[in-house]
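# Close look at the chain arrangement
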Amino acid sequence: MLDSRHIRTFHEVVSTGSFTAAARSLGYTQPAVTQQIRALEREAGLPLFTRDGRRMKLTEAGETLARHASVILGNLGAAQQQLQALARLRAGRVRVCAFPSANATLIPEAMAGLLADHPTVRVELLEAEPPESLHKLLSGECDIALSFSYPGLRAELPPELVEIRLMEDLLTVLLPVGHPLARRHAVRLAELAQARWIAGCPRCRANFLHICAEEGFDPDIVVTTDDNLALQSLVAAGVGLAVAPALVLSFLNHRKVTGRALEPHVRRQVCAYVLREHLPLPATELVLDSLRSAAAVRVGC
């Protein structure tokens with residue numbers, strides 16, 4: 001068996017390029033680093049370094065271990081984070097990572113209901129767009145992640161995650177209030193082929209390009225931002241139009257901007273994700289139940 005402490009020291013030697021630099025980085029003495037590398041070589045049964053003049057060079061075995069070291073250490077770090085998450089969840093402390101429009105709508109409504117019935121639960125709220133939110137969940141940086149996906153653009157779900165579908169969110173188009181099409185109840189995307197556009201996060205932008213292509217045009221995207229308040233101000237200033245989910249309309253607070261249903265109708269799927277082994281824990285169940293209740297009143301929005 002390879003000692004993880006020795007692998008960490010080996011990885012630092014490879015990363016920094018020398019025993020001396022690794023010792024400085026780790027806060028060890030150089031002899032201590034040398035002893036750990038020798039111990040690792042005994043565990044491996046092969047030399048990991050050879051001297052090339054004044055430089056240390058990786059042997060074939062060293063090259064092999066170097067390819068795996070960062071993965072091994074990354075997996076160990078994720079395991080440690082997930083164990084710490086398990087302890088926090090058992091104590092009723094839950095970290096939720098959600099995308100901006102969910103943090104402004106679903107999360108406050110869910111937390112109000114949760115704390116009314118379970119005042120001892122404590123929630124730490126983080127913000128990230130997908131797929132970063134799922135990466136945070138897998139690495140143990142959060143306990144529940146809220147994410148969204150678009151039809152035809154769904155990625156494969158890692159087997160260690162459980163998906164809980166919450167709601168569908170209708171896409172809308174944001175227009176300045178004086179726009180000629182603002183008088184309509186719904187606007188066909190193809191009618192806006194000549195407009196300038198403001199695009200959102202990478203996943204939203206990919207879907208926007210996809211639906212525009214289906215309508216036969218390539219949109220003129222002049223600004224990209226995942227800041228919903230900036231998006232509204234840019235539309236109000238006449239910089240461009242924007243496709244935004246209906247959740248954004250819930251906190252649309254710019255008097256010079258209005259939202260209209262988009263045709264053809266496109267809905268994104270909003271889901272919660274949790275590690276499979278954390279699903280039965282009471283704190284996780286309570287937060288998920290609250291999210292389901294908050295989402296239920298918005299189904300079809």
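Residues numbered from 1 in each chain as written. Predicted model: local features only at pLDDT ≥ 70, side-chain atom pairs only at ≥ 80, totals over all residues. Heavy atoms only, no water.

### Digging into the overall build of the chain
- Within the chain, the secondary structure is distributed over eleven helices and twelve strands.
- The globule rule puts the C-alpha radius of gyration for 301 residues at 19 Å, and the 25 Å found for the chain is more than 25% above it.
- The dimensions of the chain, computed from C-alpha atoms along their principal axes, are 75 × 50 × 30 Å.
- Surface summary for the chain: the accessible area is close to 15300 Å², and the carbon and sulfur share equals 52%.
- Of the side-chain charges in the chain, 32 are positive and 31 negative, and the distance between the mean point of each set is 4 Å. (Helix = DSSP H or I, 4+ residues; strand = E, 2+ residues; numbered from the N terminus. Rg over C-alpha atoms; globule rule 2.2 N^0.38 Å. Areas by Shrake-Rupley, 256 points an atom, 1.4 Å probe, with all protein chains shown as cover. Lys, Arg positive; Asp, Glu negative; His and termini not counted. Charge placed at Lys NZ, Arg CZ, Asp CG, Glu CD.)

### A look at the environment of A213
- Checked against the element boundaries, A213 lands in helix 8 (residues 202–214).
- Each C-alpha atom of the pair A213 and A98 lies 29 Å from the other, and the pair is 115 residues apart in sequence.

### Comments concerning helix 9 (residues 228–236)
- Among the residues of helix 9, those classed as buried are N228, L231, Q232, V235 and A236. Across the axial projection of helix 9, the buried residues extend over an arc of 130 degrees, all falling on one side.
- Measuring from the backbone nitrogen of L229 back to the side-chain oxygen at the start of helix 9 gives 3.0 Å, which picks out D227 as the cap.
- Where helix 9 terminates, the next one or two residues include G238, which has phi positive at roughly 85 degrees. (Buried < 20%, exposed > 50% of the residue type's maximum accessible area, 1.4 Å probe, protein only. Arc of directions from axis to C-beta. Polar contact = N/O pair within 3.5 Å; in protein donor to acceptor, adjacent residues only side chain to side chain.)

### Focus on unusual backbone geometry
- For the bond running from P130 to P131, omega is 5 degrees, close enough to zero to count as cis.
- Structurally, the position occupied by P131 is in the loop between strand 4 (122–127) and helix 7 (132–138).
- With omega at -5 degrees, the peptide bond leading from E263 into P264 counts as cis.
- On the secondary structure map, P264 appears in the loop between strand 11 (257–263) and strand 12 (267–275).

### Considerations on the packing of helix 1 (residues 4–16) against helix 2 (residues 19–26)
- At a closest axis distance of 8 Å, the pairing of helix 1 and helix 2 adopts a crossing angle of 120 degrees. The angle between the axes of helix 1 and helix 2 places the two elements in the oblique class. When you trace helix 1 past helix 2, the crossing you get is right-handed. Contacts between helix 1 and helix 2 involve T9, E12, V13 and T16 from the first element and F19, A21, A22, S25 and L26 from the second. (Axes fitted to C-alpha atoms, helices over the stretch in contact; angles between N-to-C directions. Parallel < 35°, antiparallel > 145°, perpendicular 65-115°, else oblique. Left-handed = near helix turned anticlockwise from the far one by under 90°. Contact = heavy atoms within 4.5 Å.)

### Points about the confidence of the model for the chain
- Per-residue confidence for the chain gives a mean pLDDT of 89; residues scoring 70 or more make up 95%.
- For the chain, the element scoring lowest by mean pLDDT is helix 4 (residues 60–90), at 77; strand 8 (residues 196–199) scores highest, at 97. (pLDDT = per-residue confidence, 0-100.)

### Focus on the pairing of strand 6 (residues 161–176)
- The element strand 6 is largely enclosed, with a buried count of 13 among its 16 residues.
- Bridge analysis of strand 6 against strand 10 (residues 241–245) gives four bridges, and the strand direction is antiparallel. What sits directly across from V173, in strand 10, is V243.
- Direction of pairing for strand 6 relative to strand 11: antiparallel, over a ladder of five bridges. Considered in strand 11, the bridge of P176 is made with V257. (Pairing = 2+ DSSP bridges.)

### Looking at the pattern of salt bridges
- Here the structure, examined in full by the defined rule, presents ten salt bridges.
- In this structure, R5 and D3 form a salt bridge, with 2.8 Å as the shortest nitrogen-oxygen distance.
- One continuous salt-bridge network, built from bridges that share partners, spans E132, K136 and E141. (Salt bridge = Lys/Arg side-chain N within 4 Å of Asp/Glu carboxyl O.)

### What about the environment of V239?
- With respect to the secondary-structure elements, V239 resides in the loop between helix 9 and strand 10.
- Each C-alpha atom of the pair V239 and R95 lies 37 Å from the other, and the pair is 144 residues apart in sequence.
- Residues contacting V239, with those up to four places away along its chain left out, are R196, V222, V223 and L234.

### Notes on the packing of aromatic side chains
- Applying the stated criterion across every chain yields a total of five aromatic pairs.
- For the pair F148 and Y150, a centre-to-centre distance of 5.8 Å together with 75 degrees between the ring planes defines the contact as edge-to-face. You'll find F148 and Y150 in the same group, each marked buried.
- Where W197 meets F208, the ring centres are 4.9 Å apart and the plane angle is 55 degrees; that geometry is what we call tilted. One end of the pair, W197, is in strand 8; the other, F208, is in helix 8, with eleven residues separating them in the sequence.
- Residue W197 is classed as buried on the basis of its relative accessible area of 0%. (Phe/Tyr/Trp six-rings, centres within 6.5 Å; stacked < 30°, edge-to-face > 60°.)

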